[in-house]
Amino acid sequence: MNPQSQPRQSQLRTVLTMIANPGEVIKNQMIKVPWPYTMLISGLAFTLLFLQTGIDLFRAGTIGVDRVILIAIIGLLFGTVGVVLLAMLTYLVVQAGKRDLTPGGVIANFALGYTVTLVYSLCGLLFSLAFHWNTAVAFGITGVLWSLRPPLFTIKQMSGDATALSVVLTTLCGAIMLFGWGLLGRLGL
């Protein structure tokens, strides 16, 4: 079959597939996206997640508006610089360079994995603003946990299909992200 005659997958279907089977989308659809652009996904995801946390703390009367803004900015840094550092640490641990994987590709895959977190964070923020619910824990943890599948596929590819190593490293990556977010909430910056 001629490649030009194959039907193109709709963008909506790509987004829905990202939620249901993110590994497929990362592998097939997003391979050509330059890694700096992918940081918009993870950066926005964590900005919204941390903003929810700030709004929840503000409603509880423990912080002021200035701290809510600061927490959102920290979320942006967490979702960009933090994701890059986590991706590069994982890259070095599994020696992905030996498998002809580029650092930029690994960063892109990690960042794009937080698409689900972005969706959950956006929904949580909408529920928070519309119904005045505290949503950071319910939507935030769920979004971060759902986002662990793409790094699992990435780490598995980087490690040469070492399943046990992939599961352990993915669990550590998820724990680091959740611990960092939880520490912020506990400190109430």
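This text goes with the structure placed above it.
Below you will find a few notes about this structure.

Rules and cut-offs
Residues numbered from 1 in each chain as written. Predicted model: local features only at pLDDT ≥ 70, side-chain atom pairs only at ≥ 80, totals over all residues. Heavy atoms only, no water. Helix = DSSP H or I, 4+ residues; strand = E, 2+ residues; numbered from the N terminus. Buried < 20%, exposed > 50% of the residue type's maximum accessible area, 1.4 Å probe, protein only. Contact = heavy atoms within 4.5 Å. Areas by Shrake-Rupley, 256 points an atom, 1.4 Å probe, with all protein chains shown as cover. Arc of directions from axis to C-beta. Core = buried A, V, L, I, M, F, W, Y, C linked by side-chain atoms within 4.5 Å. Axes fitted to C-alpha atoms, helices over the stretch in contact; angles between N-to-C directions. Parallel < 35°, antiparallel > 145°, perpendicular 65-115°, else oblique. Left-handed = near helix turned anticlockwise from the far one by under 90°. Nonpolar A, V, L, I, M, F, W, Y, C, P; charged D, E, K, R; others polar. Phe/Tyr/Trp six-rings, centres within 6.5 Å; stacked < 30°, edge-to-face > 60°.

## Some points on the overall build of the protein chain
- Each helix and strand in the protein chain was counted, giving nine helices and zero strands.
- Going residue by residue from the N terminus, the α and β elements of the protein chain occur as α-α-α-α-α-α-α-α-α.
- Residues counted as buried form 42% of the 189 residues belonging to the protein chain.
- In the protein chain, once contacts between residues fewer than 6 apart in sequence are set aside, the share between residues at least 24 apart is 73%.
- Summing over all exposed atoms, the protein chain offers an accessible surface of approximately 10,400 Å²; the carbon and sulfur share of this is 69%.

## What about the environment of phenylalanine 50?
- Looking at the element boundaries, phenylalanine 50 is found in helix H3 (residues 35–59).
- As a C-alpha pair, phenylalanine 50 and isoleucine 73 span 23 residues in sequence and 8.3 Å in three-dimensional space.
- In this structure phenylalanine 50 touches Ile71, Ala72, Ile74, Gly75, Phe78, Trp181 and Leu184, once residues within four positions along its chain are discounted.

## Notes on the environment of tyrosine 120
- Along the polypeptide, tyrosine 120 turns up in helix H6 (residues 115–131).
- Tyrosine 120 sits in the partly exposed class, given a relative accessible area of 24%.
- With 19 residues separating them along the chain, tyrosine 120 and phenylalanine 139 place their C-alpha atoms 5.6 Å apart.
- For tyrosine 120, the contacting residues outside a window of four places in its chain are Gln52, Phe139, Thr142, Gly143 and Trp146.

## Concerning helix H7 (residues 136–146)
- Looking only at H7, the buried set comprises Ala136, Phe139, Gly140, Gly143 and Val144. Down the axis, H7 shows its buried residues gathered within 120 degrees of arc, on one side only.

## Some details on the nonpolar core
- Core analysis: the biggest nonpolar cluster contains 34 residues, and Phe46, Phe50, Val83, Phe110 and Met158 have the highest contact counts within it.
- Every element with two or more residues in this core is listed here: H3, helix H4 (65–93), helix H5 (103–112), H6, H7, helix H8 (149–158) and helix H9 (163–187).
- Among the elements that make up this core, the one with the highest residue count is H3 (eight residues).

## Looking at the packing of H3 against H7
- Two numbers describe how H3 lies on H7: the axes approach to 9 Å, and their chain directions differ by 160 degrees. Judged on the interaxial angle alone, H7 and H3 are roughly antiparallel. Handedness of the H3/H7 crossing: left-handed. Only Ala136, Phe139, Gly140 and Val144 of H7 make contact with H3, whose side of the interface consists of Phe46, Leu49, Gln52, Thr53 and Asp56.
- Residues belonging to the contact of H3 with H7 are distributed by class as follows: five nonpolar, three polar and one charged.

## Looking at the environment of tryptophan 35
- In this fold, tryptophan 35 is placed in helix H3.
- Sequence separation of tryptophan 35 and glycine 104 is 69 residues, and the distance between their C-alpha atoms is 5.6 Å.
- Tryptophan 35 has contacts with Val84, Gly104, Ile107 and Ala108, leaving out every residue within four places of it along the chain.

## Examining the packing of aromatic side chains
- Using the criterion set out here, one finds eight aromatic pairs in the structure.
- Residues phenylalanine 46 and phenylalanine 50 carry aromatic rings whose centres are separated by 6.3 Å and whose planes lie at 75 degrees to one another, so their mutual orientation is edge-to-face. With phenylalanine 46 and phenylalanine 50 both in helix H3 and four residues apart, the pair spans about one turn of that helix. Side by side, phenylalanine 46 and phenylalanine 50 carry an identical accessibility label, which is buried.
- One aromatic cluster in this structure is built from Phe46, Phe50, Phe78 and Tyr114.

## Side note on unusual backbone geometry
- Located in the positive-phi region is histidine 132, a residue other than glycine, with phi close to 60 degrees.
- Position of histidine 132 relative to the elements: it lies in the loop between H6 and H7.
- Unusually for a residue other than glycine, aspartate 161 sits at a positive phi of about 65 degrees.
- Topologically, aspartate 161 is positioned in the loop between H8 and H9.

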